[in-house]
Amino acid sequence: MDDTQRKMTKIAREVGKFTVQMMKEEGIGTAEFDVIHFVRHHPGATQTNMRETLKIDKGAAAKRVASLEHKGYLIRKPNPEDGRSQLLYATEKAEELKNSKAQIETIFYEWLLEELPEKEKAAFCKTLDALYWRSKRERQAGFENVARRVREKTEEGSAE
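Treat the numbers as computed from the prediction; the structure is a model and nothing was measured. Every residue gets a number counted from 1 within its own chain, in the order that chain's sequence is written. Thresholds applied to this predicted model are a pLDDT of at least 70 for local features of residues and 80 or more for the giving and counting of side-chain atom pairs; totals over whole chains, interfaces and linings are not thresholded and use all residues. Processing note: side-chain calculations cover all non-hydrogen atoms of the structure and skip hydrogens and water entirely.

Undergrad: Even after reading the chapter, I still don't get the nonpolar core, so can you show me in this structure?
TA: It is characteristic of soluble globular proteins that their nonpolar side chains tend to be buried jointly. What is meant by a nonpolar core is a set of buried Ala, Val, Leu, Ile, Met, Phe, Trp, Tyr and Cys residues, joined one to another through side-chain atoms within 4.5 Å. To sort residues, take the accessible area from a 1.4 Å probe on protein chains only and compare it with the maximum for the residue type: under 20% means buried, over 50% means exposed, and anything in between is partly exposed. Ile28, Val35, Ile36, Met50, Leu68, Tyr73 and Leu97 are the most contacted members of the largest nonpolar core, which has 19 residues in total. Discounting residues that sit within four places of it in the chain, Tyr73 has contacts with Glu26, Ile28, Ile36, Leu68, Tyr89, Ala90, Thr91, Lys93, Ala94 and Leu97. Contacts are assigned to residue pairs with any non-hydrogen atoms lying within 4.5 Å of each other.

Undergrad: What is the right way to read the packing of helix 3 (residues 47-54) against helix 4 (residues 58-70) from this model?
TA: In a packed pair of helices, the relevant descriptors are the angle between the two axes and the axis-to-axis distance. In this analysis, axes come from line fits to C-alpha atoms, helices being fitted only over the stretch in contact, and the angle between any two N-to-C directions falls in the range 0 to 180 degrees. Helix and strand assignments follow DSSP, with helices taken as H or I runs no shorter than four residues and strands as E runs no shorter than two, numbered in order from the N terminus. Two elements in contact, helix 3 and helix 4, have axes whose closest approach is 10 Å; the angle formed by their N-to-C orientations is 120 degrees. Of the possible angle classes, the one that applies to helix 3 and helix 4 is oblique. When the axes of helix 3 and helix 4 are compared, the crossing they make is right-handed. On helix 4, the residues that touch Gln47, Met50 and Arg51 of helix 3 are Lys58, Ala61, Ala62 and Val65. Here the residues of the contact of helix 3 with helix 4 are counted per class, giving 4 nonpolar, 1 polar and 2 charged. Angular relationships are summarised with four words: roughly parallel below 35 degrees, roughly antiparallel beyond 145, roughly perpendicular across 65 to 115, and oblique for the angles in between. Helix crossings fall into two classes, left-handed where the near helix is turned counterclockwise from the far one by less than a right angle and right-handed where it is turned clockwise. Think of it as three bins: nonpolar holds Ala, Val, Leu, Ile, Met, Phe, Trp, Tyr, Cys and Pro, charged holds Asp, Glu, Lys and Arg, and polar takes everything else, Gly as well.

Undergrad: Help me out: how do you make sense of the pairing of strand 3 (residues 86-90) in this one?
TA: Regular strands place their side chains on alternate faces of the sheet. What makes two strands pair is DSSP finding at least two bridges between them. The pairing of strand 1 (residues 45-46) with strand 3 spans 2 bridges and is classified as antiparallel. Paired with Ala45 across the strands is Leu88, a residue of strand 3. Bridging between strand 2 (residues 74-78) and strand 3 involves 5 bridges; their strand directions are antiparallel. If you follow Ile75 over to strand 3, its bridge partner there is Tyr89.

Undergrad: Help me understand the sheet that holds strand 3, please; the structure alone is not making it clear to me.
TA: Strand pairing in a sheet relies on backbone hydrogen bonds. The paired strands run either parallel or antiparallel. In space, the 3 strands of this open sheet follow the order 1-3-2, with antiparallel pairing throughout. With one partner strand each, in any of the chains shown, strand 1 and strand 2 form the two edges of the open sheet. Across the sheet, helix 2 (residues 30-41) is in contact with strand 1, strand 2 and strand 3; its angle to strand 3 comes to roughly 100 degrees. Its contacts with the sheet place helix 4 against strand 2 and strand 3, and it is angled at close to 110 degrees to strand 2.

Undergrad: Looking at this model, I keep getting lost on the confidence of the model for the protein. Mind explaining?
TA: Do not read the fine detail of predicted coordinates wherever pLDDT is low. The predictor rates its confidence in each residue with pLDDT, a number between 0 and 100. With 99% of its residues at a pLDDT of at least 70, the protein reaches an overall mean of 92. Mean pLDDT in the protein bottoms out at helix 5 (residues 92-113), which sits at 88, and peaks at helix 6 (residues 118-140), which reaches 96.

Undergrad: What is the right way to read the environment of Phe108 from this model?
TA: Relative to the helices and strands, Phe108 is located in helix 5. It is 14 Å that separates the C-alpha atoms of Phe108 and Met23, two residues lying 85 residues apart in sequence. Beyond its immediate sequence surroundings of up to four residues, Phe108 is in contact with Glu14, Val15 and Phe18.

Undergrad: What should I look at first to understand a nonpolar patch on the surface in this one?
TA: The grouping of Met8, Leu116, Phe124, Leu128 and Leu131 at the surface amounts to a nonpolar patch, some 420 Å² of accessible area in total. The dominant element in the nonpolar patch, judged by the number of residues it contributes, is helix 6, at 3 residues. Here Phe124 falls in the partly exposed class, since its relative accessible area comes to 40%. A residue counts toward a patch only above 30% relative accessible area and without a salt bridge, and it is joined to like-charged neighbours within 9 Å or, for Val, Leu, Ile, Met, Phe, Trp and Tyr, to nonpolar neighbours within 5 Å. Only the protein chains shown count as cover for residues, and the accessible areas themselves come from Shrake-Rupley with a 1.4 Å probe. We define a salt bridge as a side-chain nitrogen of Lys or Arg found within 4 Å of a carboxyl oxygen belonging to Asp or Glu.

Undergrad: Would you mind showing me how to read the pattern of salt bridges here?
TA: Pairing is possible between side chains that carry opposite charge, provided their charged atoms lie close to one another. Counted by the stated rule, this structure contains 6 salt bridges. Put simply, Asp82 and Arg84 hold a salt bridge, and the shortest N to O gap is 3.3 Å. According to the relative accessible area criterion, Arg84 is exposed, its value standing at 77%. A salt bridge links Lys101 to Glu105, with the shortest nitrogen-to-oxygen separation between them at 2.7 Å. Here Lys101 and its partner Glu105 are both found in helix 5, 4 residues apart, which amounts to about one turn of the helix. Residue Lys101 is classed as partly exposed on the basis of its relative accessible area, which comes to 23%. Judged by its relative accessible area of 25%, Glu105 falls in the partly exposed class.

In structure tokens, the structure reads:
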């Protein structure tokens, strides 16, 4: 039984909704933010690379890149290895947007915790930190323990 009732996921979802709401006020939608995020982490990628990674069609990719270029978040440079394609780069404005998103999330989490007594807040944050590092170590190990449990539960369910 899940004692957490997936509340960490539910809180993260609410933070995500709030962040999207605030980002829209800056004129950026979630699909555009995904493109910016990809380009920030893959500077010099082609539109084809981005499209294949994000699994979006050619027309949608072209529209998003053109929109983000117009808004000043991306620039295109000619690909020196292939005269037909262009390489995508994030602008300083896109980097500031990253900081803006993190700042929005930080403000939400600060607001969420502010009514907790200081001792409870400290204990919660210590526990949260322990859970974070446990999950990170599991990811680094390829999720082997959790994947095994999923397979075991699946086998139990099919045996019933």
